[in-house]
Structures are given as structure tokens and as C-alpha cells.
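Structural description and commentary
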Amino acid sequence: MKTIQPHWPAPQRVHAYTTTRLMGNLAIQQNRDELKEKLQLPNEPLWLMQTHSAIVLNEQETLNNRNADALYTNKTQQVCVILTADCLPILLCDQAAQEIAAVHAGWRGLVNGIIENTLQKFTAPSETLLAWIGPHISATQYEIGADVRNILLEKAIQIDDAIQPHRDRWLANLSLIASRILQQQGIKSVYISDYCTFQDKNFFSYRRDGEKAGRQASLIWLA
């Protein structure tokens, strides 16, 4: 299993994948070159310099700066891609297959508004958008301190059930928090992967492997 595909009712023109460890560490250029060949990508993906920010770029804006954590396009054959190793990869498209985006969202990104900023790029109404949250660390494995818990609770309403006490810390369900934010923004169709990057060694996990952890890629483009 070198890649998985979203289970969502996206239009046929929308192509989307998330890689596994068998595709290699996509932080390495050689593996990126092989990815392009193996998936027969229509163009070189626009690789970002991710910093857990709330910055969203389109393909024109990347000509001068790649520091961002989400990429949007309404162009065909343009591959949007983000890297993760526990954080949420969120892929977005509209039902008419005219617009897409790829989002990297950890707790900082969720708090700082990476989802909201990405949705502002879309011209399609929110109720016509589809969202898929790809492989990520599950709620049973993602421990946070009281400081992060308080920040998350200040950010989003109706997420008390997404943060549960665990010994002297807390367990956070990032995908549930993200889905609530998406829903608050008007997106009704949110689909969530069952793969846990920490538990499933087919995926890279920073929490499990530390600094040596590689990165998987989540890609989306319009044919």
C-alpha cells in the first residue's frame, strides 16, 4: 500500500491521494521525484515551507514565497500538496470541481485560523464544498497539557467532548475539532479517515518516532 485515496463523493475530475511509508519520506527530493513518476502527476507539485502558520497561498503567490501551510487553486493540472506526520491533512474541493485546496493543520493552525483562511479563497458557497481529513494522530494517542487545552477551548465552540482528561493531562481529538470548525464555516460534507498515524506504522508519526520521523504527502489536483 503506497497510497490511499479519500473516501468521499468528490467529482471525477478531482484526484487526491495520501502517501504511506512505502512511498518514502516525502521531505526528501529523490522521493518527491519518484512520487511524480509513480502517480503520473500532471505537473510538479507546489511544495510549501510549512511552519504551523495560518498562511494560505495560491499558485501565483508561491512564485515569491513558499512559507505557508495551505495551498489553493482553481487551475487544472496544478497539484496542491502538504506534508504531515501526525497533524491533519485536510483536502477540499467544490462539487462543481472548479476549486481545490490542501491544508496542513496542527493545533496551532486550527487555533490561528488556517481552515477559515483557506475557505476565504473559495468562491463557491461553503455548503457546496467537500472536506476530507486524512491520516492523523488519533484522539487516544494525542496528549496535550492544560495550556493547549485552554487555548483550544477558547478557539472553538462545542468542542468540550473533543478534549478528555487523561491522568494529569488531556487527550485531544484534532479531527473532531477541525470538523466542528468546518461545520461552523458552513461545510456540511466532512469525511474523516480512520487511519491513526501513531498506531499504524504504515505512516510516519512525529509523536512515535521523534526527530527522525519522515513525512507523508497529501495531494489534490483537478484533471
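Worth saying up front: this structure is predicted, and the values here are computed from it rather than measured.

Okay, the pairing of strand β10 (residues 163-166) next. Sheet analysis places β10 next to strand β11 (residues 169-172), joined by 4 bridges and oriented antiparallel. Counterpart to P165 in the pairing with β11 is W170. Linking β10 to β11, which pair antiparallel, is a turn of 2 residues; within it R167 sits at a positive phi near 55 degrees.

Sheet architecture is open: 6 strands sit in the order β3-β4-β7-β6-β8-β12, paired in mixed fashion. For this open sheet the edge positions go to β3 (56-58) and β12 (189-192), each flanked by a neighbour on one side alone. Between one strand axis and the next, the sheet turns through 20 degrees on average, direction left out of account.

Further remarks concern the pattern of salt bridges. One pass over the full model with this rule turns up 8 salt bridges. Across the salt bridge formed by K38 and E34, the nearest N and O atoms sit 4.0 Å from each other. Highlighted residues: K38 and E34, both in helix α1 (residues 29-38), separated by 4 residues, approximately one helical turn. By relative accessible area, K38 is classed as partly exposed at 43%. A residue is classified by how much of its surface remains accessible, and E34, at 29% relative accessible area, is partly exposed. Taken together, the shared-partner salt bridges connect R21, R208 and D209 into one network.

Definitions and limits used
- Residues numbered from 1 in each chain as written.
- Predicted model: local features only at pLDDT ≥ 70, side-chain atom pairs only at ≥ 80, totals over all residues.
- Heavy atoms only, no water.
- Pairing = 2+ DSSP bridges.
- Helix = DSSP H or I, 4+ residues; strand = E, 2+ residues; numbered from the N terminus.
- Axes fitted to C-alpha atoms, helices over the stretch in contact; angles between N-to-C directions.
- Salt bridge = Lys/Arg side-chain N within 4 Å of Asp/Glu carboxyl O.
- Buried < 20%, exposed > 50% of the residue type's maximum accessible area, 1.4 Å probe, protein only.

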